[in-house]
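# A structural walkthrough
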Amino acid sequence: MVQPNDWRLTSQENYLKNVELFYKIYSDRKTETDHDHCEFCLATFSDAIHDALKEGYTTANDYWWVCKECFEDFNEMFRWKVIVESK
Ligand SMILES: [Zn+2]
């Protein structure tokens, strides 16, 4: 159970509460960024870095990313609506 004082919480409720999240392969993103970080634990998403995350949850604009572990931990607190994109 995640506590409200969890070190990963830094006011993400201002932009990530009650939003739709899409489960996506990182290389399918629409943005031009070379890499991103999990909004909570700062884990790296990247195509180029071997041990970086290759898939996770992201907002509709592919701007904010959340890793699987943080998704599990904060899903209840943030009340996300998950959309799995079919291929
Ligand atoms: Zn994370």
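Not measured: the values here are computed from a predicted model.

Okay, the side chain of glutamine 12 next. Turning to its location among the elements, glutamine 12 is positioned in the segment before helix H1 (13-16). Glutamine 12 sits in the buried class, given a relative accessible area of 0%. At a separation of 2.6 Å, a polar atom in the side chain of glutamine 12 contacts the main-chain amide nitrogen of threonine 10. Contacts of glutamine 12, omitting those with residues within four sequence positions, involve Lys17, Glu39, Phe40 and Phe78.

With 18 residues, the main nonpolar core has Phe40, Val66, Cys70, Phe74, Phe78 and Trp80 as its most contacted residues. When contributions to this core are tallied by element, the ones reaching two or more residues are strand S1 (20-25), strand S5 (65-66) and helix H2 (68-78). The element that contributes the greatest number of residues to this core is H2, accounting for 4 residues. Beyond its immediate stretch of four places on either side in the chain, cysteine 70 contacts Arg8, Cys38, Phe40, Cys41, Asn75 and Trp80.

Moving on: the coordination of the zinc ion. Surrounding the zinc ion are the protein donor atoms Cys38 (SG), Cys41 (SG), Cys67 (SG) and Cys70 (SG), at 2.3 Å. For the zinc ion, the 4 donor atoms are set out with angles of 102 to 115° between them, so the coordination reads as tetrahedral. Written as a sequence motif, the donor residues of the zinc ion are C-x2-C-x25-C-x2-C. Taken together, the positions of cysteine 38 in the loop between strand S2 (35-37) and strand S3 (44-46) and cysteine 67 in the loop between S5 and H2 put the pair 29 residues apart, joining distant regions of the chain.

Those residues of H2 lying buried are Cys70, Phe71, Phe74 and Phe78. End-on, the buried residues of H2 take up no more than an arc of 105°, which puts them together on one face. Facing away from the buried surface of H2 by more than 90 degrees, the exposed residues are Glu69, Glu72 and Glu76. In this structure, the buried residues of H2 make contact with H1, S1, strand S4 (55-58), S5 and strand S6 (81-84).

Our next topic: the pairing of S4. Bridge analysis of S1 against S4 gives 4 bridges, and the strand direction is antiparallel. Across the sheet, isoleucine 25 pairs through a bridge with glutamate 55, a residue of S4. Pairing of S4 with S5 involves 2 bridges; the strand directions are antiparallel. Residue pairing in the sheet places threonine 58 in a bridge with tryptophan 65 of S5. Joining the antiparallel neighbours S4 and S5 is a turn of 6 residues, in which aspartate 62 adopts a positive phi near 60°.

What counts, and at which threshold
Residues numbered from 1 in each chain as written. Predicted model: local features only at pLDDT ≥ 70, side-chain atom pairs only at ≥ 80, totals over all residues. Heavy atoms only, no water. Helix = DSSP H or I, 4+ residues; strand = E, 2+ residues; numbered from the N terminus. Buried < 20%, exposed > 50% of the residue type's maximum accessible area, 1.4 Å probe, protein only. Polar contact = N/O pair within 3.5 Å; in protein donor to acceptor, adjacent residues only side chain to side chain. Contact = heavy atoms within 4.5 Å. Core = buried A, V, L, I, M, F, W, Y, C linked by side-chain atoms within 4.5 Å. Donors = N, O, S within 2.8 Å, 3.2 Å for Na, K, Ca; no water. Tetrahedral: all angles 85-135°; square planar, octahedral: opposite > 155°, others 65-115°. Arc of directions from axis to C-beta. Pairing = 2+ DSSP bridges.

By themselves, these are just geometric observations and shouldn't be taken as functional.
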